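Observations on the model geometry
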Amino acid sequence: MKKERLSGLFLRILLSMALIVVFSVTSGTNAQSAEKTINIGFLAALSGPDAGWGLPGLTGNQIFIDRVNAEGGLLVGGKRYKLKMYAFDDEATGSKALQGAKQLVLEHDVKFISAIGGNPADATHPYLTKKKVFYATLISTDIMPDRPYLIGGGDVTPRIDMLRPLYHRINNPELKRWAVTSQDDTIGKTCQAWEVGSAIAEGWDVVYDKHFSGETEDFAPVVTAILATKPDVVSLNLTYPSYVTLIIEQLYLQGFKGIISGNYIDTESVLQKVPAEYMELTRSTNSFPLFDDPWWGEPSWQHEFIKEWNAKYGPGTPGDVHRKITGIDWDHVIMLKVWAHGAQLAGTFDPDKILEALRAAKSIPTILGPAVMYGKEMWGIDNMVSPPVPIAEVKADCKCKRIQAHFKFEQWFESRKDTIIKVVKEKGQFWDQRK
Amino acid sequence: MELTTFVQTIANSVVAGSIYSTVAVGLALAFGVMQMANHAHGEFFMLGSYVVYVFYALAGMPFPLAVLAAIPTIAALGLLTERFIFRPTRGNVMAGFMATAGLTWILQTAAGRIWGLGFMKMIPTPYMGSANIAGAQIGLQRVLIVPAAGLLLGFYGSSCIGSGWARPCAPVLKTRMPLPCKGSALTK
């Protein structure tokens, strides 16, 4: 009897131990699978006039994340990690951006943040540097030596703003007068300084170089002032996408017949306000081609991307965003892919090792072509990923943009840098003057 | 300054002045004549724009009809505001002002909820092209605002409901609207 009681007790102890072991293993498995998801952030204007550079980027990033997750996750150091994105609307303001950065890091432990940059980059970099979180800006002018984890360049700003004077010089050697404007915020001032330096280096007479208030609602007086200087080219530099539409409308209404050039022109919006023939007549030029452009070739990553985008976000789909694909839909994902590639090269998500691996790479594959880490002479640190820069013009027959040229930046810059940097310094916009 | 630039600048100013004057006439009518300080005045304009957006850009109604449709819609909103905010706070301008500050936030949030935040709405220009007026190029749509503002200003300046109300209609005003409280913004 006593023996039976003892064996019963032994069985109960054994069963309890087995349950504890099973529970521990299960818990361990859960913890392990939780570790296998890497969160990334999207901290940009999702509303307001700057939203044109932010909101569409969510779609491109999500397509990349879905692709990676469908393959079982991102293969880093022999293990696969699922990706998940969290977004925060910073409304292009520094204080909101800092709030968003803290929320993304503290609540979601993000390792990488897609952003537009400018004032939000200035506001968030001390915190994100301390936390060692990658912040991928669209605007390379945000790069500085004291922001080691801030990387940029996938979006070709401001290299496109520097190469457009070259493009128009090659195509229209007889033209002389260059006018440029943008809003009076951080990104407008810095990018415009680099464009003015490049226009001068390319032999243009810069006849108008002013900023308008970011609160401007009526662009008729701005355009009248520009046209009073009789420009051959009106460049809109890094003007907010919504404002680009309104300025081009005024250029059309006030009878400008020269060349319109800008960092980004959203064709679909602009064609609501002006005829496509006018856009072709003015050779409206920017650097955000469409991915359905035959120039990419077949098959191509770009054409696959646009098919996938249409299937996920096009008309009649569950994720219908009620607009056509824009150049910004793929703009943010360039740097997300570079970061993922860096993690794979490094075999870890350690930011220092990722940077080291990217800098050591002779060629980094990007959506726009092979890139290198560059920029020490411009930003004091080689944190700019520099792929080739496409230049596109609006065509009336398809009411769309088509690639006209593809430039490599580095060699051109080496031959012009003294003049350009001198102008940027005169305008007080070199990285060490902006601290 | 060249003559063309000068004329264009004058034309821009007349158009901008006309836009501001349409807003100002509304404010003057509400505050100056009826003694209602409507903090949500700007939101009334915003909603008027959204009504045009819905009827013209989304429903495909002709632009003039969409604009005409906005008038009774916003007038109805004005009547509701008078009935439920200004009438209960009559005689206390500050109370009406603060209550409509709340209305401001409600209308802004409602617009964001209904039509979404994000991009500027894509609205096709109803009248593409410009008119050459004495050497100034003005968009046809912008030209329309000038006579519209003139009509409103004329109405305000000459009618009983407009500034005339302060004189021949003064007895009506007194019988319908009690004077503001002592110490309120209007009595200082």
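My aim in this report is to walk through the structure given alongside it, one point at a time. Throughout, a residue's number is its position along its own chain's written sequence, starting from 1. For naming, the first written chain is A and the first written ligand is 1, with later ones following in the order written. Since the coordinates come from a predicted model, pLDDT governs what is reported: local features require at least 70, and pairs of side-chain atoms require 80 or more to be given and counted, while whole-chain, interface and lining totals use all residues. Excluded from the side-chain calculations are hydrogens and water; all other atoms, namely the structure's heavy atoms, are used.

1. Describing the packing of helix 12 (residues 331-346) of chain A against helix 13 (residues 351-360) of chain A
Residues and elements named next belong to chain A. Applicable threshold: A fitted line through C-alpha atoms serves as each axis, taken over the contacting stretch for helices, and the angle formed by two N-to-C directions is quoted from 0 to 180°. Put simply, DSSP H or I for four residues or longer makes a helix, DSSP E for two residues or longer makes a strand, and each gets a number counted from the N terminus. The cut-offs work like this: below 35 degrees is roughly parallel, past 145 is roughly antiparallel, 65 to 115 is roughly perpendicular, and the gaps in between are oblique. Every residue pair with non-hydrogen atoms within 4.5 Å of one another is taken to be in contact. Under the convention adopted here, Pro, Cys and the residues Ala, Val, Leu, Ile, Met, Phe, Trp and Tyr are nonpolar, Asp, Glu, Lys and Arg are charged, and Gly plus all remaining residues are polar.
Close contact between helix 12 and helix 13 brings their axes to 8 Å; oriented N to C, the two are set at 95°. Between helix 12 and helix 13, the angle is such that the two are roughly perpendicular. Contacts between helix 12 and helix 13 pair Val338, Trp339, His341, Gly342, Ala343, Leu345 and Ala346 from the former with Lys353, Ile354, Ala357 and Leu358 from the latter. Partitioned by chemical class, the residues of the contact of helix 12 with helix 13 number 8 nonpolar, 2 polar and 1 charged.

2. Here's the deal with the pairing of strand 5 (residues 134-139) of chain A
Residue and element names in this part refer to chain A. What counts is decided by this rule: Only protein chains enter the accessibility calculation, which uses a 1.4 Å probe; a residue is then buried when its area is under 20% of its type maximum, exposed when over 50%, and partly exposed in between. The criterion for strand pairing is that DSSP finds at least two bridges linking the strands in question. Orienting the strands away from the viewer, one traces the path from the first strand over the helix to the second; a clockwise path indicates a right-handed crossover.
Taking burial as the measure, the 6 residues of strand 5 include 6 buried ones, the bulk of the element. Pairing between strand 4 (residues 112-115) and strand 5: 3 bridges, direction parallel. Within the sheet, the bridge partner assigned to phenylalanine 112 lies in strand 5 and is phenylalanine 134. Handedness of the crossover is the feature at issue here: the chain leaves strand 4, passes through helix 4 (residues 119-131), returns alongside strand 5, and the resulting connection is right-handed. Pairing of strand 5 with strand 6 (residues 150-157), which is carried by 4 bridges, proceeds in the parallel orientation. Residue alanine 136 lies in a different strand from strand 6, and its bridge partner there is isoleucine 151.

3. Notes on the interface of chain A and chain B
Selection criterion: Buried surface area refers to the total accessible area, computed with a probe of radius 1.4 Å, that the two partners give up upon joining, counted for both partners together. Here a salt bridge means any side-chain nitrogen of Lys or Arg lying within 4 Å of a carboxyl oxygen belonging to Asp or Glu. In the analysis that follows, any N or O atom pair within 3.5 Å is treated as a polar contact, provided that within protein one partner can donate a hydrogen and the other can accept it, and provided that, for residues neighboring in sequence, both atoms belong to side chains.
Listed as interface residues are 28 residues of chain A and, on the opposing side, 20 residues of chain B. Both faces combined, the contact of chain A with chain B buries some 1900 Å², and carbon together with sulfur accounts for 61% of it. Where chain A packs against chain B, one counts 2 salt bridges. Measuring nitrogen to oxygen at the nearest pair gives 3.0 Å for the salt bridge that ties Asp218(A) to Arg142(B). Applying the counting rule to chain A against chain B returns 6 residue pairs in polar contact (both at pLDDT 80 or more). Contributing elements (two or more residues each) for the side of chain A that touches chain B: helix 7 (220-227), helix 8 (241-253) and helix 9 (267-270) of chain A. Counting residues per element, the side of chain A that touches chain B draws most heavily on helix 8 of chain A, at 6 residues.

4. Looking at unusual backbone geometry
Residue and element names in this part refer to chain A. The linkage connecting threonine 157 with the following residue, proline 158, adopts the cis geometry, with an omega of 0°. Here the amide bond leading from glutamate 298 into proline 299 is cis, since omega sits at -5°, within 30 degrees of zero. Take proline 299: it is sitting in the loop between strand 11 (285-286) and helix 11 (301-313). Phi angles above zero are rare outside glycine, and lysine 132 is one such case at about 55°. Its place among the elements puts lysine 132 in the loop between helix 4 and strand 5. Judged by its relative accessible area of 41%, lysine 132 is partly exposed.

5. Here we look at the packing of helix 7 of chain A against helix 1 (residues 3-33) of chain B
Describing two packed helices takes the angle between their axes plus the distance from one axis to the other. Between helix 7 of chain A and helix 1 of chain B, the shortest axis-to-axis distance is 10 Å and the interhelical angle comes to 175°. Taken together, the axes of helix 7 of chain A and helix 1 of chain B lie roughly antiparallel to each other. Facing helix 7 of chain A, whose interface residues are Ala220(A), Pro221(A) and Thr224(A), helix 1 of chain B presents Thr5(B), Gln8(B), Thr9(B) and Asn12(B). Classifying every residue of the contact of helix 7 of chain A with helix 1 of chain B by side-chain character gives 2 nonpolar, 5 polar and no charged.

6. Structural notes on the packing of aromatic side chains
All names here are of chain A. Definition in use: Only Phe, Tyr and Trp rings are paired, with Trp represented by its six-membered ring, and only when their centres lie within 6.5 Å; those with planes under 30 degrees apart are stacked, over 60 edge-to-face, the remainder tilted.
Enumeration over the complete set of coordinates arrives at 31 aromatic pairs over all chains. When the ring of phenylalanine 212 is compared with that of tyrosine 243, the centres are 6.1 Å apart and the planes differ by 65°; the resulting orientation is edge-to-face. Within this pair, whereas phenylalanine 212 is found in strand 8 (residues 205-212), its partner tyrosine 243 is found in helix 8, the two being separated by 31 residues in sequence. Exposure class is identical for phenylalanine 212 and tyrosine 243. Each is buried. An aromatic cluster is present here, built from Trp194, Tyr374, Trp379, Phe409, Trp412, Phe413, Phe430 and Trp431 joined pairwise through their rings.

7. Structural notes on the state of the cysteines
All names here are of chain A. For clarity, the threshold we go by: Only a pair of cysteine sulfur atoms within 2.5 Å counts as a disulfide in this structure description.
A complete count under the given rule lists 1 disulfide over all chains for this structure. For cysteine 398, the disulfide goes to cysteine 400, at an S-S distance of 1.9 Å. Measuring the twist about the S-S bond at about -80°, one finds the cysteine 398-cysteine 400 disulfide to be left-handed. Cysteine 398 sits in the partly exposed class, given a relative accessible area of 34%. A relative accessible area of 7% places cysteine 400 in the buried class.

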